[in-house]
Amino acid sequence: MSLQRTLTRSLVMVRTWPVVIDMGVGLCALALFMAIVHLAAYWMGTAVPVSHVTENARSLPVYAFYSVMRIGIAYVLSLVFAIAYGYIAARNARAEAWMIAVLDILQSIPVLSFLPPVLLAMIALVPHRQLGIELGVILLIFTGQVWNLAFSFYSSMKAIPREMLEASRIYRYSGWQRFWQLEMPYAAIGLVWNSIISVANGWFALMACEMFQLKNRNFELPGLGSYIQNATYDGDMRALVSGIATIVLIVVATDQLIWRPLIAWSEKFKFEQVEAADHVSSPILALLQRSRLLGTLTGRLWTRIEEPVYRRLSRSRETRVVQPIDTDGDRRRPSILYWFAGITFALVITWGAVQCALMLRQVSWAELRMLFTGAAATFLRVNASLLLSALWTVPVGVAIGFSPKLARVVQPVAQVLASVPATAFFPILLIGLLKIGGGLGIGSIALMLLGTQWYILFNVIAGAMSIPSDLKEAASLYKFTSWQRWTTLILPGIFPYLITGMVTASGGAWNASVFAEYANVQNRTIQTNGLGAQIDTATADGNFPILLLATILVALMVVTMNRLVWRRLYRLSETRYKLEG
Amino acid sequence: MQSAGLQNGMQAAASEESDRPTTEAIIRAEKIEKFYAQPSQNRIQVISPTDLSIVPGEIVALLGPSGSGKSTMLRMLSGLSRPSGGQVYWHEKPIAEAEINVSIVFQSFALFPWLTVLQNVEAPLQARGIDPEERRARSMRMLDTVGLDGFESAYPKELSGGMKQRVGFARALVVEPEVLFMDEPFSALDVLTAENLRSELLELWAKKTMPTRCVFIVTHNIEEAVLLADRIIVLGRNPGHIRTDFRVQIPQPRDRKAETFTQLVDFIYKVLTRPDVAPAEAPTGPRVRDQRQMKYQMLPHARPGGVAGLLELLIDKNGRDDIYRLADDLAFEIDDLLPIVDAAQLLGFLKVEEGDASITELGAEYANSEILRQKEIFRDAAIENVLLLRQIRRALDAKSDHTVSEEFFLDMLDEQFSGEESQRQIETAVTWGRYGEIFDFDAARRRFVLPDVLQEEAAGGGE
């Protein structure tokens, strides 16, 4: 009797659980709908360049909502753009070299340099509505997120094994089917990991993009970035801390609710022949997968859309004739359209170059000298911050990596910490700095450190963990001194990882320099001589020739450093210090 | 005796074809060739102009050493790769415009790891716009046929290699291809699994369970070819060309131990080990290019240790043995043994006649010496016989800093080999050069160096 009852009880539990989850999913959908309605009303309203952001903690949820929406929309745009760009670059042999070079350069330009052109263009496009300003800010965040996604998708596309491509050709897949069944799945893991970095970069940019001066006009949008900037300006510690706490909360929630489930889900796209032993698990993913409503709804919807598409595509030429895989570029003559596009493109580029040259002529010699000294100062700061990061992260990272127990605890925490935008912590550091009486010259190095050290730390931990234990055993067996251990085992072992971390970090440090060398704190502006500060002031004053030249200088330095130093070290690490035989 | 046995086992394809002019070819290749244009006007010929037809009702095996363009040939015939010259016809229509119906079974299986077994098999049907219900029914039937019922919702990574290739077969057959292409389908599998799958393939073919009218299989395994094929085409290399093309008249099922079988295997070995001589039995011998016309010999990708091992084995067999038997003793595939034989032959340690390998005086001395003397003999033989090694050594001796970049030699090799092959040639040269202490290679700087120079540097920079 009692057995019977327990049985039915457990059955009830089994039955109600999915219903509860279904209701949860339904509620989420409802909330999303309301959010869209609210956002639309705000965007379509008249333009309010300066909305007064109060430091009242009660308005924090609303600000958080606006900021998250901006980052979310910018992220979706980045993803779409990155996939389109990467796809064309990988599949079009003629455009490939150009597109990748352009990507390399764009990636090296600090977000703030995009501010004036992007914002002015958007305001001109939608002059009287809030939408114009909002779109401008969203596009700015977009420029901070998109490049690494595009690189990731491009390199995934190039890495698809030849026989897989051949299979898709011989079985006459349409481009649509190839995209969904081969290319997207193959790129999925790279896209997920880069999305995490991208969204972190988005937060980084958001801090500066919600409130700024352009051509002596003030812009202030409701959001967390403005909130924190205001709090810093007023020296309101309580508001500052609650603002940062909100950001940390959102970052942690994103990690748990979105990234971990996504990582766990994307494991099925691992290109492996044999199943791996360890898995990433996510309770949220398990819950979602149990929701019956979600499963059947999306499944049905997808087949509804998909089947007619396949039926129609099967009648096209593409799926009736086997497409050769080596379409020799020189065989097909370029169409007239192609020539037309090429010539138009070249004309636009020339026109732009001429305009830029004319603009640069306005730069005086004194300004030029100032820019060059600024460039030298920032260059030194960036590299000093890299060196300092490496100095502390290498011993700490190795210690963590060698102890699996410690690594299991520290790594996820470090991952979240790295996702918290360094720009959010700048104000606290700044206020502290002013208290001690230090200047921004040295202080900015500390600020850059905040942004760069995490990348290096992760990679060093990963590198230390990857050193095979038999090598470690050999080292202790032959009684290596600790000097020998470091020079013959540890440093060579982590070298490739260290380089990867430093490359990423150096990009981050350049971007951070713009924020680190110039700040409004406690009712005054502090700055130090540097390229970053010059970009900031040029934006505020609307001094576009200086802005342009400074941006060119940054891009030039980053690209040459990449070519001359990092790429070489990278190659060295791949040839000499690779541990896989 | 031998020739009589051979006549039982094989028959020239050309004469056969002229007897049956009525059979229409499914795929007909007319003077197809493949080359890669080089910036310096030269071009690397991978396959010289070749005629080939595939007619209904036969299993064709394409055999050849590595670098003879077997896979390239398959890809040109299946429409995957466009020939640099010539034309492939599908039922007398140019293949680029014809709606061809073929499948390929790949060496690496090429299954989609994120799709289940069933979804993998369904995917080609989906591309053809077939309704979900029919798609499912046909795929399930095909999975049944290849013995995978019950596995439809598994993912490929959960399956063993043999099972994966069964999925590959199911996917290939579900579209009911007129020609089934197979690119070394069994070489990634262990011996027993491969044997099992081969006999199942023959069974499907014999019972006409599949609507396929022709099977075209690329392999480097001679026994596999003789076991399966109704017709065998042997390719030669530098550039790829047809050495011989004949029918196998041994009735199925074939017995590996039968005399006709072993004689045929022996014959093919002989053809493969004598690249410079046109096979006497081949009636339409295409013109074969003399390898000596080329500047560089193709360095066989063998390790010096392997050469020494082979010579020692030969000494145990009184200095002479049949290559086929040697491979059998060692349980080697032809692709594994031939480079070693080639290398020993190139160095003058070995002579190959009529499929028999016999050790030379130098070879015997080499095999019997102790390690330092061995290296000396190897060095002298290598410098004398191998142009690339001789050139590298001369360049190193001539330059004042005694180093030369790899690029320099890559450029010269690129005139003759494909980029990938040039790289492999350099790698082999480095292995040989290091073993014979002819030169050393600094992998970080990608430069050749004289051995003493490197030692000095190491002594100066070390503890």
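The shown structure was predicted, so the numbers you read here are calculated from the model rather than taken from an experiment. (Residues numbered from 1 in each chain as written. Chains lettered and ligands numbered in written order. Predicted model: local features only at pLDDT ≥ 70, side-chain atom pairs only at ≥ 80, totals over all residues. Heavy atoms only, no water.)

Enquirer: Lay out the sheet that holds strand β14 (residues 356–359) of chain B with the relevant residues and their values.
Expert: Residues and elements named next belong to chain B. Spatial strand order, β12-β14-β13: 3 strands in an open sheet with antiparallel pairing. Of all the strands in the sheet, just β12 (320–322) and β13 (350–353) have a single pairing partner and so form its edges. Pairwise comparison of adjacent strand axes, ignoring direction, gives a mean angle of 20° for this sheet. The sheet strands contacting helix α11 (residues 323–330) are β12, β13 and β14, and the helix crosses β12 at an angle near 85°. (Pairing = 2+ DSSP bridges. Helix = DSSP H or I, 4+ residues; strand = E, 2+ residues; numbered from the N terminus. Axes fitted to C-alpha atoms, helices over the stretch in contact; angles between N-to-C directions. Contact = heavy atoms within 4.5 Å.)

Enquirer: Which residues make up helix α9 (residues 237–266) of chain A, and what values do they have?
Expert: The periodicity of an α-helix, 3.6 residues per turn, causes residues three or four places apart in sequence to face the same way. Residues and elements named next belong to chain A. Between its first and last C-alpha atoms α9 spans 41 Å; for 30 residues at 1.5 Å apiece the expected length is 44 Å, and the two agree. If you look at α9, its biggest bend is around 35°, right at D255. By the N-cap criterion, in which a side-chain oxygen at the helix start approaches the backbone nitrogen of a residue two or three places on, α9 is capped by D236, the distance to R238 being 3.2 Å. (Expected span 1.5 Å × (residues − 1). Bend = angle between axes of the 7 residues up to and from the residue. Polar contact = N/O pair within 3.5 Å; in protein donor to acceptor, adjacent residues only side chain to side chain.)

Enquirer: Explain the environment of T428(B) residue by residue, including any values.
Expert: All names here are of chain B. Its place among the elements puts T428 in helix α17 (residues 419–435). Along the chain, T428 and A302 lie 126 residues apart, while their C-alpha atoms are 7.3 Å from each other. Polar contacts involving the side chain of T428 include one to the side chain of H301, which spans 2.8 Å.

Enquirer: Explain unusual backbone geometry residue by residue, including any values.
Expert: All names here are of chain B. Backbone geometry places H91, a non-glycine residue, at a positive phi of 45°. With respect to the helices and strands, the residue H91 is situated in the loop between β5 (85–90) and β6 (93–94). By relative accessible area, which is 28% here, H91 ends up partly exposed. (Buried < 20%, exposed > 50% of the residue type's maximum accessible area, 1.4 Å probe, protein only.)

Enquirer: Go over the interface of chain A and chain B with me, naming the residues and quoting the values.
Expert: Facing the 42 residues of chain A at the interface are 47 residues of chain B. The junction of chain A with chain B conceals about 3,900 Å² of combined surface from both sides, 51% of it contributed by carbon and sulfur atoms. For the interface between chain A and chain B, the tally reads 2 salt bridges. Two residues, E163(A) and R75(B), come together in a salt bridge whose shortest N-O distance is 3.8 Å. On the surface where chain A and chain B come into contact, there are 7 residue pairs in polar contact (both at pLDDT 80 or more). Elements with a minimum of two residues in the side of chain A that touches chain B: α6 (162–170), α7 (175–209), α11 (292–313) and α20 (544–575) of chain A. The element best represented in the side of chain A that touches chain B is α6(A), accounting for 6 residues. (Buried area = accessible area lost by both parts, 1.4 Å probe. Salt bridge = Lys/Arg side-chain N within 4 Å of Asp/Glu carboxyl O.)

Enquirer: Talk me through the packing of helix α4 (residues 115–125) of chain A against helix α5 (residues 130–159) of chain A; I want residue IDs and the actual numbers.
Expert: All names here are of chain A. Packing of α4 against α5 leaves a shortest axis separation of 8 Å and a crossing angle of 150°. Put simply, α4 runs roughly antiparallel to α5. Seen along the crossing, α4 lies across α5 with a hand that is right-handed. Contact residues: α4 offers L115, V118, L119, M122 and I123, while α5 offers G132, I133, L135, G136, V137, L139 and L140. Partitioning the contact of α4 with α5 into residue classes produces 10 nonpolar, 2 polar and no charged. (Parallel < 35°, antiparallel > 145°, perpendicular 65-115°, else oblique. Left-handed = near helix turned anticlockwise from the far one by under 90°. Nonpolar A, V, L, I, M, F, W, Y, C, P; charged D, E, K, R; others polar.)

Enquirer: If you had to explain a nonpolar patch on the surface to someone new, which residues and values would you point to?
Expert: Residue and element names in this part refer to chain A. On the surface, a cluster of nonpolar side chains totalling about 400 Å² of accessible area is made up of W180, L301, W302 and I305. With 3 residues, the top contributor of residues to the nonpolar patch is α11. Among the secondary structure elements, L301 is positioned in helix α11. (Patch = residues over 30% accessible without salt bridge, like charges linked within 9 Å, V, L, I, M, F, W, Y side chains within 5 Å. Areas by Shrake-Rupley, 256 points an atom, 1.4 Å probe, with all protein chains shown as cover.)

Enquirer: Run through the sheet that holds strand β3 (residues 43–54) of chain B, naming residues and quoting values.
Expert: Strand pairing in a sheet is mediated by backbone hydrogen bonds. Such pairs are either parallel or antiparallel. Residues and elements named next belong to chain B. Within the open sheet, the 4 strands sit side by side as β3-β2-β5-β6. Their pairing is antiparallel. The sheet is open, and its two borders are formed by β3 and β6, each paired with just one other strand. Sheet topology note: the strand β2 (residues 27–37)/β5 ladder contains 5 bridges and is antiparallel. Bridge pairing in β5 links E30 to Q87. Contacting β2, β3 and β5, helix α3 (residues 70–77) runs over the sheet at an angle of about 125° to β2.

Enquirer: Explain the packing of aromatic side chains to me, using residue names and the numbers behind them.
Expert: Residues and elements named next belong to chain B. Enumeration according to the criterion identifies 25 aromatic pairs over all chains in this entry. Between the aromatic rings of F409 and F448, the centroid separation amounts to 5.6 Å while the plane-to-plane angle is 85°, which identifies the pairing as edge-to-face. Taken together, the positions of F409 in helix α16 (residues 406–414) and F448 in strand β17 (residues 447–449) put the pair 39 residues apart, joining distant regions of the chain. Its relative accessible area of 1% is what places F409 among the buried residues. A relative accessible area of 0% places F448 in the buried class. When the ring of F441 is compared with that of F448, the centres are 5.0 Å apart and the planes differ by 55°; the resulting orientation is tilted. (Phe/Tyr/Trp six-rings, centres within 6.5 Å; stacked < 30°, edge-to-face > 60°.)

Enquirer: Hey, could you go over the pattern of salt bridges for me, with residue numbers and the actual values?
Expert: Enumeration according to the criterion identifies 39 salt bridges over all chains in this entry. The shortest N-O distance in the salt bridge between E195(B) and R198(B) comes to 3.2 Å. One end of the pair is E195(B) and the other is R198(B), both in helix α7 (residues 191–206) and 3 residues apart, which spans about a single turn. Judged by its relative accessible area of 30%, E195(B) falls in the partly exposed class. Looking at R198(B), the relative accessible area reads 8%, which means it is buried. A salt bridge links R424(B) to E421(B); its shortest N-O distance comes to 2.8 Å. Taken together, the positions of R424(B) and E421(B), both in helix α17 and 3 residues apart, correspond to about one turn of that helix. When its relative accessible area of 32% is taken as the criterion, R424(B) is described as partly exposed. When salt bridges with common partners are traced through the structure, they connect R162(A), E163(A), E166(A), R75(B) and D183(B) into a single cluster.

Enquirer: Provide a residue-level description of the nonpolar core, including the pertinent values.
Expert: Looking at soluble globular proteins, one finds that nonpolar side chains tend to be buried together. L77(B), F181(B), I232(B), I268(B) and F349(B) are the most contacted members of the largest nonpolar core, which has 159 residues in total. The element best represented in this core is helix α9 (residues 259–273) of chain B, accounting for 8 residues. When near neighbours in sequence (up to four residues on either side) are disregarded, I232(B) contacts A61(B), L63(B), A225(B), V226(B), T244(B), D245(B), F246(B), V248(B) and I268(B). Listed in part, the 109 residues of the second largest apolar core include M157(A), F204(A), Y227(A) and L430(A). (Core = buried A, V, L, I, M, F, W, Y, C linked by side-chain atoms within 4.5 Å.)

Enquirer: Hey, could you go over the environment of S469(A) for me, with residue numbers and the actual values?
Expert: Positionally, S469(A) belongs in helix α17 (residues 469–477). Considered as a pair, S469(A) and F402(A) are 67 residues apart in the sequence and their alpha carbons are 9.5 Å apart.

Enquirer: Can you explain the environment of I323(B)? Please cite residues and give values.
Expert: Residues and elements named next belong to chain B. By the secondary structure assignment, I323 is in helix α11. Between the C-alpha atom of I323 and that of E354, which follows or precedes it by 31 residues, the distance is 9.5 Å. Ignoring any residue separated from it by four or fewer positions in sequence, one finds I323 in contact with Y269, T273, L337, V341, V352, G355 and A357.

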